[in-house]
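Residues per chain, in single letters:
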Number of protein chains: 2
Amino acid sequence: MKASIITIGDELLIGQTVDTNSAWIGAELSALGFDVCRITSIHDRKDDILEALGEAARISDLAIITGGLGPTSDDITKQTLCEYFGTRLVPDERVLGMIEAMLQRRKMPLNDNNRRQAYVPENCTVLTNAAGTAPGMWFERKGKVFISLPGVPGEMRHIMNMHVLPELTKRFRSQVIIHRNIMTYGTYEAKLAELLQDFENELPAAVKLAYLPSYGVIKLRLTGSGKDRNVLGDEIEKQVRKLYKTIPEYIYAENEETLEIVIGNMLKGRNMTVATAESCTGGEVSHLITSVPGSSAYFRGGVVAYDNAVKTGVLEVSEESILKHGAVSREVSEEMAKGARRILNADFAVAVTGIAGPEGGTENKPVGTVWIAVSSQEGTVAEMRVFGTDRLSNTRRSSLAALNLLRLQLIRR
Amino acid sequence: MKASIITIGDELLIGQTVDTNSAWIGAELSALGFDVCRITSIHDRKDDILEALGEAARISDLAIITGGLGPTSDDITKQTLCEYFGTRLVPDERVLGMIEAMLQRRKMPLNDNNRRQAYVPENCTVLTNAAGTAPGMWFERKGKVFISLPGVPGEMRHIMNMHVLPELTKRFRSQVIIHRNIMTYGTYEAKLAELLQDFENELPAAVKLAYLPSYGVIKLRLTGSGKDRNVLGDEIEKQVRKLYKTIPEYIYAENEETLEIVIGNMLKGRNMTVATAESCTGGEVSHLITSVPGSSAYFRGGVVAYDNAVKTGVLEVSEESILKHGAVSREVSEEMAKGARRILNADFAVAVTGIAGPEGGTENKPVGTVWIAVSSQEGTVAEMRVFGTDRLSNTRRSSLAALNLLRLQLIRR
């Protein structure tokens, strides 16, 4: 079964909003076995919407449409859907009741804009929205399904999870597609492709390999398609085992597990804690660690020591080390890690100090130079990395390198 | 002039990668006056690529295509472009030389995969890539321009900035389009729409208003189109002034200025510094502040006090306050802010303590409850906010609320 995704909104086309809905919907539909064959983003314009609906009907069995259902007048999706399906808007008391209840909870008054959101096309199945004011709508025509959802990510996901995914699971049976992700860290794409050349050549026709690099993490995705879930599952499993044999030193996890999830699980399993000391990353390492639900079980806290006075005053880095070796040095990174471990009373501490850019580089220490250290009862290790010239990419790469160095120390415990 | 964007890659359709390239390209082309009428994401499949190229040629004058140019065998865009334009791949010595030089600098060996990247279609103009190994390609046919670029964001942007945007600027003259963004914080979309109802009704036909909400920030975008840049500019300016009169209390900046940029400029202008004390946001506030280049001029540092022992031990919050009022309380947020200001020696300190979820809520303090405080020489202010149930949305909303409270204190100085 083929699926299309249509996202509507001028903001997507003029680049003021990144379309994250499509990726989320694509992942969910793929997991159900749909072949998501196209994602299209279009303007809030009647003709463009009508044309996209027609194309989706031509190339796919299912179309998920997001956006253009807001309370403001630039949102015209609902009227256009009425035109496409030859129907009209009628008030829906149940939707109005839900909107009233939601606004009451948030202590907001009901206004005309909200009241308009309680009008729905007469021939659709209404998908109630407990997360916001715009309901979803399920249309069918000539065996094709069209589902219109609000563009606000939280509301879209809520309606998908509550109504759409359960119903699609019930109604559609399709070819079995299995995705399996092997997460790697520690080398670059062309090198990995070289190491995996024989592996790729020997892959059976039903299995495909893709490389998905992101700030130093390279996700290897195996995709298999076939008729029999068990046969296909066995084949994928066999290939995964082969991957582990071929590049054991680079694989750190499977499926969508991030480094912060992996180190969280390792810390929990060992009943140990971690703290952070950050200069150039400015809190990104602790932000990544604490993005994992339940991280309070193993994350003690961190110090963002942007100014050198905070390095010496709070983390007790020696002024001599900064003067002699510079703030971006093995010595300072190690002292930051040791200081954070002591002051924040953690089993492990990870420290990062570097030059994120765009300013601040020198000939010996160009922008992108970073020292990373991890301290524990066993001692302190440090490594230098040199990344590129882009500030945000440098801090993200540095943060992931720090988490990976922590992971390597945790493996030994 | 109309433009299409085509992004190629299985990872986009199965949702493993969010397409950020389209937004960036869309913004750049819109700024040049192009009407970006469609963004399409498709699989690494020959037929899908050929169909997308045909559609782009039908509906637009310019197509920018990204992805599928990597060194690995799942990348087939180059071969498919050869088929579409009826040409063949030939080796390009200049590209090979650049790839060799780049790998040498990064101390990586040249392998066969890299060598393949130096083959380019015979009839295209090669756009050299100093940021990576895959060059860009510029094709023309029947007055339409097709530009193929690597999918790695940094490389795509590099080639766009170096080659594509200057050439497009030279060659195309199109209708004048002016976007102007007014950034607001402090209310919700339906309320803003109510306040702006008369404003919207009185807008001239050439000017459109859109609402772009994101974690509490609502960007109002005015888009004008016309023939004469000066006339249109005056009209937009007039509408902006009217907006300032209608909702003065909610506007905090113009254009893409984030709260962290605004507070950074305010601190620099006053020659003052800031520090952070974070619990539930786990370093996100300091990460936002330090994402701004040059923030080391005014950001001293921060303490991520996840564990209560760090709140008392490092930030010197009193144990009595935590016992009596709980870690999520006015008192603790205020003591965190005062402690951070004192210990990190800053003019301002901003503190956040709350329950990010999904666990940890109680009847009196549900998930999403956050206390925010700002301390300065003038005293300490605090406010409570109650957000939703999603962890990542809660921490982002809390971080922005904290930056906004800091901004309100800075305005008075």
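Residues numbered from 1 in each chain as written. Chains lettered and ligands numbered in written order. Predicted model: local features only at pLDDT ≥ 70, side-chain atom pairs only at ≥ 80, totals over all residues.

Draft legend 1. How the structure looks around the overall build of chain A. Along its length, chain A carries 16 helices and 17 strands. Taken along its principal axes, the extent of the C-alpha atoms in chain A is 75 × 60 × 40 Å. Residue burial in chain A is summarised as follows: out of 413 residues, 50% are buried. A separation threshold of at least 6 residues defines the contact pool for chain A, and within that pool the share at least 24 residues apart is 66%. (Helix = DSSP H or I, 4+ residues; strand = E, 2+ residues; numbered from the N terminus. Buried ≥ 20, exposed ≤ 12 C-beta atoms within 10 Å, placed from the backbone. Contact = placed C-beta atoms within 7 Å.)

Draft legend 2. Seen up close, the confidence of the model for chain A. Averaged over all residues, the pLDDT of chain A equals 92, while 98% of them reach at least 70. Our summary of model confidence lists the complex with pTM equal to 0.77 and ipTM equal to 0.76. (pLDDT = per-residue confidence, 0-100.)

Draft legend 3. Broad picture of the environment of V176 of chain A. Residues and elements named next belong to chain A. Here V176 shows up in strand β9 (residues 176-185). Residue classification places V176 among the partly exposed positions, given that 16 C-beta atoms sit within 10 Å. Each C-alpha atom of the pair V176 and H325 lies 58 Å from the other, and the pair is 149 residues apart in sequence. If sequence neighbours within four positions are ignored, V176 has contacts with G33, S225, G226, K227, D228, R229 and L232.

Draft legend 4. Focus on unusual backbone geometry. In this chain, G357 of chain A is followed by P358 of chain A through a cis amide linkage whose omega measures 0 degrees. Mapped onto the secondary structure, P358 of chain A falls in the loop between β15 (348-354) and β16 (369-376). Although it is not a glycine, N271 of chain A sits at a positive phi angle of roughly 55 degrees. For N271 of chain A, the location among the structural elements is in the loop between α11 (259-270) and β13 (274-278). Residue N271 of chain A is classed as exposed on the basis of its 9 C-beta neighbours within 10 Å. Here the phi dihedral of K142 of chain B falls at roughly 50 degrees; this positive angle occurs in a residue that is not glycine. The topology assignment puts K142 of chain B in the loop between β7 (136-141) and β8 (144-149). The exposure class assigned to K142 of chain B is exposed, which follows from the 5 C-beta atoms found within 10 Å.

Draft legend 5. Structural context of the domain arrangement of chain A. Split into domains, chain A comes out as domain 1 (2-171), domain 2 (176-254) and domain 3 (259-411). Here the C-alpha centre of domain 2 of chain A lies 35 Å away from the C-alpha centre of domain 1 of chain A. (Domains from an automatic or database assignment.)

Draft legend 6. Molecular detail of α11 of chain A. Residue and element names in this part refer to chain A. The terminal C-alpha atoms of α11, which comprises twelve residues, lie 17 Å apart, in line with the 16 Å expected from a rise of 1.5 Å per residue. Within the span of α11, buried status applies to L259, E260, I261, V262, I263, G264 and L267. Along its buried surface, α11 packs onto β9, β12 (251-254), β13, α12 (284-290) and α16 (391-411). Phi turns positive, to about 55 degrees, at N271, one or two residues after α11. (Expected span 1.5 Å × (residues − 1).)

Draft legend 7. Structural detail: the packing of α11 of chain A against α16 of chain A. All names here are of chain A. Relative orientation of the contacting elements α11 and α16 amounts to 30 degrees, with a least axis distance of 10 Å. In terms of their interaxial angle, α11 and α16 are classed as roughly parallel. α11 and α16 meet at a crossing whose hand is left-handed. Residues L259, E260, V262, I263 and M266 of α11 pack against L400, L403, N404, L406, R407 and L410 of α16. Looking at the contact of α11 with α16 residue by residue, the class counts come to eight nonpolar, one polar and two charged. (Axes fitted to C-alpha atoms, helices over the stretch in contact; angles between N-to-C directions. Parallel < 35°, antiparallel > 145°, perpendicular 65-115°, else oblique. Left-handed = near helix turned anticlockwise from the far one by under 90°. Nonpolar A, V, L, I, M, F, W, Y, C, P; charged D, E, K, R; others polar.)

Draft legend 8. Fine view of the interface of chain B and chain A. The partner chain A presents 80 residues to the 80 residues of chain B that form the contact. Classifying every residue of the side of chain B that touches chain A gives 34 nonpolar, 29 polar and 17 charged. Pairing of strand β2 (residues 35-42) of chain A with strand β2 (residues 35-42) of chain B involves four bridges; the strand directions are antiparallel. Counterpart to I42 of chain A in the pairing with β2 of chain B is R38 of chain B. (Pairing = 2+ DSSP bridges.)

Draft legend 9. Representation of the environment of D112 of chain B in the model. Structurally, the position occupied by D112 of chain B is in helix α6 (residues 112-117). Given 11 C-beta atoms within 10 Å, D112 of chain B falls into the exposed group.

Draft legend 10. Representation of the sheet that holds β9 of chain A. All names here are of chain A. Within the open sheet, the four strands sit side by side as β10-β11-β9-β12. Their pairing is antiparallel. Each edge of the open sheet is held by one strand with a lone partner, namely β10 (207-214) and β12. Going across the sheet, the axis of each strand differs from the next one's by a mean of 25 degrees, ignoring polarity. For β10 and strand β11 (residues 217-226), the ladder comprises eight bridges, and the chain directions are antiparallel. Within the sheet, the bridge partner assigned to L209 lies in β11 and is L222.

Draft legend 11. Main features of the relation of the copies chain B and chain A. When chain B is fitted to chain A, the residual RMSD is 0.1 Å, and the transformation amounts to a turn of 180 degrees plus an axial shift of 0.1 Å. Viewed as a symmetry operation, the transformation between the two copies matches a two-fold axis. In this assembly, 100% of the residues forming the interface of chain B have copies in chain A that are likewise at the interface, indicating an isologous arrangement. (Least-squares fit on C-alpha atoms with pLDDT ≥ 70 in both.)

Draft legend 12. Region of the structure containing the nonpolar core. Among the nonpolar cores identified, the biggest contains 137 residues, and A340, A349 and V350 of chain A together with A340, A349 and V350 of chain B are the most heavily contacted of them. Excluding residues that lie within four positions of it along the chain, A349 of chain B makes contacts with V274, A275, T276, A277, A337, A340, R341, L344 and S375 of chain B. (Core = buried A, V, L, I, M, F, W, Y, C linked by C-beta atoms within 7 Å.)

Draft legend 13. Molecular detail of the pairing of strand β1 (residues 2-8) of chain A. Residue and element names in this part refer to chain A. β1 sits mainly inside the fold: six of its seven residues count as buried. Bridge analysis of β1 against β2 gives seven bridges, and the strand direction is parallel. Along β2, the bridge assignment pairs I5 with I39. In this structure, β1 lies alongside strand β3 (residues 62-66), joined through five bridges in parallel fashion. The partner of I5 across the bridge, within β3, is I64.

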